[in-house]
Amino acid sequence: MAWKTIHRWLGLTLGALAVVLGLSGAVLAIDPVQQAWEAPAVPGDLPVATLVDRVTHTVSGVEEIRRLPSGAIVAFSFAGDQPQASYVDPADGRVLGAWHPSALPRWVKNLHRSLLLGDAGRWGAAAVALTMGLLCMSAWVLLLRRMGGWRRLAGRVRGSLAQRIHVVTGRVVLVILCLSSITALTMSASTLGLVELDTRTEPEVLSVVTGRTDMPAAQLAALQSIVAKDLRKLNMPYATDPQDMWQVVTAQGQGWIDRYSGQMLAWQEATLAQRLYDLALVLHTGETAWLWAVILGLAGASVLLFWWSGIVIWWQARRLAPHITGNAPLTQADVLIFVASEGGSTWGFAQTLQDALRQRGHRVHTSALEHFQVTPATRQVLVLAATYGEGQAPAHARHALERITQQPNTSAVPVTVLGFGDRQFPAFCAFAKALDQTLRAQGWPALLPIECIHQQSGQQFARWGASLGQALGESLVLEHVPRVPPTTALTLIARQDYCAASGQATAILRFAWPEQTLVGRLRGQGLARFAAGDLVGILPPGSMVPRYYSLASGWEDGFLEICVRQMPAGQCSTHLLNLHNGDQIYAFIRSNPGFALPRSTRPVILIGAGTGVAPLAGFIRRNDRLRPMHLYFGARDPARDFYFGPEIQQWLAEGRLTTLQTTFSRIPDGGGYAQNALHRDAERIRGLITQGAIVRVCGSRAMAQGVAEALDAVLQPLASSVATLKAEERYAEDVF
């Protein structure tokens, strides 16, 4: 079943009505709270007989007594020909004031129950309640799929701001909204006449006229056995009808009492349908339970947040929807590109690849992975596959592996796989890897071994394109231009220059963070708030392809700081390293939530090499609570590339950094590489991991691989590993 499609279109078509019902329900939830706050408490053991005796002594002509869901006692009477309703104090029967339903809650209740459209509106409200139930059901399926099952349901949520709001809010209130939709349907079934709460007829009983006077209420045995907290309604016998009776309705049922003897003439237990309806009423409205009413009100208000974030997610997905141009007919294409993408961004890479191949004279056809096939004209097949959630295929390609397995392979056409994923997830590019293994098991050859792109890196994609072009025997340039958000001008205010041991120039650049007005933020101008470990995208002059650098500062520091090393033929690094104080760049922020440090007092192990120390320095800089932090830093020469050296020593003295272990690979007795320091410090690392330590690694891919292998060896005595730490969301990498 296409749960995602169901969820999307129900939300888009009936979401606005769900918002109306949610907000009106939130308003109605105020009424039980207010009434419960104002209503005098009814003693738990107060007999109804005593309550009636007190009320009849203070209210003349009383004909009916009700206990409202709030707990308030209301007496209905006549003063002449005028009906009256009065709040009374159950402690002494004293009249507290007139009772009358408020006009606003009554209007809101009609809006909530029938959308102000009468009986037709009741059917409409029931339809919206059913829609909410289906939305909740599909939301649970999608939520579990996204988070990787029940065990990971409380894990960290990644994605855009709207996605995080949608998921986090769902985890908190989805159960309540599901319950609300079920109880609404239960109540609607009775209101619309689909279910009868009680099909029994009233018993034919009357008071037996004996010539005696009515027994005083305080002496009625039947009323003495009923406590006031169970009372719903009590009707007195009419004075002009000698055969009339007392009629009492309670939570347990209803009874008829002889006015002369005080004996119960008949009793009918509440039916199961009535009890279920009463329970649904309490669960849906919060009546008689003001704390639950508060929870219901907050859940109802959250529907607006759900709807807004859902609309934003849909619009973002729509903008990223595939629009491949220049597609050759399938039967005529010599290169086929198949795509598996959850959010849509992988299709942009496919378009870039297709355009580059077409410029080299190829006829290219691009399609979704579930359409995998080859034709006699096919010479190369390229698969761009993203991984969703905890290693799953994107929704549209969930049956692709099965389809490929069932297809007999009678062709020698090479099939090359390129994976897209995020290294912060334990199952990095797991679907692409599974796809590659399936293809090899089916006998499909590969032009290139599988490559995995981290966080949609344009640089990695370009390097893979160069390798692909070399394998094809032609020059292939892949310059992917993603949709770039609005940029902000940043001014360089300070720089520290280094001459690295490799001869490559390196600098720590500090930019002023511009002041932002409220109007600018509303218009999307200026930088979003950022934290150390987030990424800044910088557009060099004459290019629309941003280059990303890890941030060594947060917005609270009042500046934006990065560490830049000269890259061979690097357009952006050359531009940055040629800046002078007062020069400007254009940049935007891309959040990196998977690498951020969670708020906790647990110790932190920071491992970095070269310029990879930048985000780790940012973590230490903001360690105002002096959380235990242990830095393992690897470089080549302390005189040339000990980046942030003076600051690190200062933070060590201030207690922001607990311990520092450095290794320098190009000097005698320098200690080798960062992973060598991990082996030497194995005992302490095992102790920190046992205490629940969080690990963050930043540097080159080769360095990150070496660190992972070293930690696996160090953690083996604990029956733990890097994979285990990733699964527990305690280990994350930022590699380049």
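Residues numbered from 1 in each chain as written. Predicted model: local features only at pLDDT ≥ 70, side-chain atom pairs only at ≥ 80, totals over all residues. Heavy atoms only, no water.

### Considerations on the pairing of strand S8 (residues 264-269)
Filter applied, for reference: By definition, two strands form a pair when at least two bridges between them are found by DSSP. Helix and strand definitions follow DSSP, with helices as H or I runs of at least four residues and strands as E runs of at least two, each counted in order from the N terminus.
When strand S7 (residues 253-257) meets S8, the two strands line up antiparallel, connected through five bridges. Along S8, the bridge assignment pairs Gly255 with Trp267.

### Brief notes about the packing of helix H5 (residues 118-147) against helix H6 (residues 161-191)
What counts, and what does not: An axis is simply a line fitted to the C-alpha atoms; with a helix, the fit covers only the stretch in contact. Between two such axes, the angle follows the N-to-C directions and lies from 0 to 180 degrees. In a left-handed crossing the near helix is turned counterclockwise from the far helix by less than a right angle, and in a right-handed crossing that turn is clockwise. Contacts: residue pairs with any heavy atoms within 4.5 Å of one another. Note that Gly is not counted as nonpolar here; it falls among the polar residues with everything else outside the nonpolar set of Ala, Val, Leu, Ile, Met, Phe, Trp, Tyr, Cys and Pro and the charged set of Asp, Glu, Lys and Arg.
It is the contact of H5 with H6, at a shortest axis distance of 8 Å, that shows an interaxial angle of 145 degrees. Regarding H5 and H6, the two cross each other, and that crossing is left-handed. Here Arg122, Ala126, Ala129, Leu130, Met132, Gly133, Cys136, Ala139, Trp140, Leu143, Arg146 and Met147 of H5 lie close against H6, whose contacting residues are Gln163, Val167, Arg171, Leu174, Val175, Leu177, Cys178, Ser181, Ala184, Leu185, Ser188 and Thr191. When grouped by side-chain class, the residues that make up the contact of H5 with H6 number 16 nonpolar, five polar and three charged.

### Let's talk about helix H12 (residues 430-441)
Since there are 3.6 residues in each turn of an α-helix, residues three or four apart along the chain are aligned in direction. Condition: Helices are assigned an expected span. That span is 1.5 Å times one less than the residue count. For each residue, the accessible area found with a 1.4 Å probe, counting protein chains only, is set against the maximum for its type, and the residue is called buried under 20%, exposed over 50%, and partly exposed in between. This arc describes the spread of directions from the helix axis toward the C-beta atoms.
With twelve residues, H12 should reach 16 Å at 1.5 Å per residue; the first-to-last C-alpha distance of 16 Å fits that figure. The complete set of buried residues in H12 reads Phe431, Ala432, Leu435, Asp436, Thr438 and Leu439. Projection of H12 onto a plane perpendicular to its axis shows the buried side chains occupying an angular sector of 160 degrees, all on one side. Of the exposed residues in H12, those oriented more than 90 degrees away from the buried face are Gln437 and Ala441. Elements in contact with the buried residues of H12: strand S9 (335-340), strand S11 (380-386), helix H11 (400-406) and strand S12 (415-421). Downstream of H12 by a residue or two, Gly443 has a phi angle that is positive, lying close to 95 degrees.

### Section: the sheet that holds S12
Strand pairing in a sheet takes place through backbone hydrogen bonds and is either antiparallel or parallel in direction. Spatially, the five strands line up as an open sheet ordered S10-S9-S11-S12-S13, and their pairing is parallel. Two strands lie at the open edges of the sheet, namely strand S10 (364-368) and strand S13 (451-454), each paired on one side alone. Pairwise comparison of adjacent strand axes, ignoring direction, gives a mean angle of 20 degrees for this sheet. When S9 meets S11, the two strands line up parallel, connected through six bridges. Residue pairing across strands places Val335 opposite Gln380, the latter belonging to S11.

### With respect to the sheet that holds strand S18 (residues 559-565)
Strand order in the open sheet formed by six strands is S17-S16-S19-S14-S15-S18, with antiparallel pairing between adjacent strands. Looking at strand neighbours, the two that pair on one side only are strand S17 (547-550) and S18, the edges of this open sheet. Taken pair by pair, the neighbouring strands of this sheet meet at an average axis angle of 40 degrees, ignoring direction. Strand direction decides the pairing type here: strand S14 (residues 488-499) and strand S19 (residues 584-590), joined by four bridges, are antiparallel.

### Quick word on the pattern of salt bridges
Cut-off, in case you're wondering: Just to be clear on terms, a salt bridge is a Lys or Arg side-chain nitrogen sitting within 4 Å of an Asp or Glu carboxyl oxygen.
Enumeration according to the criterion identifies 22 salt bridges in this entry. Between Glu64 and Arg66 there is a salt bridge; the shortest N-O distance is 2.4 Å. Accessibility expressed as a relative area gives 13% for Glu64, which makes it buried. Its relative accessible area of 32% is what places Arg66 among the partly exposed residues. Of the charged contacts, one joins Arg701 and Glu451 as a salt bridge, the two residues approaching to 3.1 Å between their closest N and O atoms. In this pair, Arg701 sits in helix H21 (residues 701-715) while Glu451 sits in strand S13, placing the two residues 250 residues apart along the sequence. Its relative accessible area of 32% is what places Arg701 among the partly exposed residues.

### Notes on the packing of helix H1 (residues 3-28) against H5
For clarity, the cut-off: Any angle that is under 35 degrees is reported as roughly parallel, and any over 145 degrees as roughly antiparallel; angles of 65 to 115 degrees are reported as roughly perpendicular and all others as oblique.
In the contact formed by H1 and H5, the axes pass within 9 Å of each other and the chain directions differ by 135 degrees. The angle between H1 and H5 falls in the class oblique. Judged by the twist between their axes, the crossing of H1 over H5 is left-handed. Contacts from Trp3, Lys4, His7, Leu10, Gly11, Leu14, Leu17, Ala18 and Leu21 in H1 reach Ala125, Val128, Thr131, Met132, Leu134, Leu135, Met137, Ser138, Ala139, Val141, Leu142 and Arg145 in H5.

### Section: the environment of Ser77
Counting through the fold element by element, Ser77 comes out in strand S2 (residues 73-79). Taking C-alpha positions, Ser77 is 22 Å from Thr213, a pair spaced 136 residues apart along the chain.

### So, the environment of Pro568
Counting through the fold element by element, Pro568 comes out in the loop between S18 and helix H15 (571-577). Once the C-alpha coordinates of Pro568 and Val227 are considered, the two residues, 341 residues apart in sequence, prove to be 87 Å apart.

### Quick look at the nonpolar core
Inclusion rule: By nonpolar core we mean a set of buried residues, namely Ala, Val, Leu, Ile, Met, Phe, Trp, Tyr and Cys, connected to one another through side-chain atoms within 4.5 Å.
Ranked by internal contacts, the top residues of the largest apolar core, which has 30 residues, are Leu606, Phe619, Met629, Leu631, Phe644, Ile648 and Leu657. Counting residues per element, the ones that place at least two in this core are strand S20 (604-609), helix H16 (613-621), strand S21 (629-635), helix H18 (645-654), strand S22 (659-664) and strand S23 (694-699). Non-local contacts of Ile648, meaning those with residues more than four positions away in its chain, are made with Val613, Leu631, Phe642, Tyr643, Leu657 and Leu660. Judged by nonpolar contacts, the second largest core, of 26 residues, contains Met132, Cys136, Ala139 and Cys178.

So, to be careful, I would describe these as geometric facts and stop short of saying anything about function.
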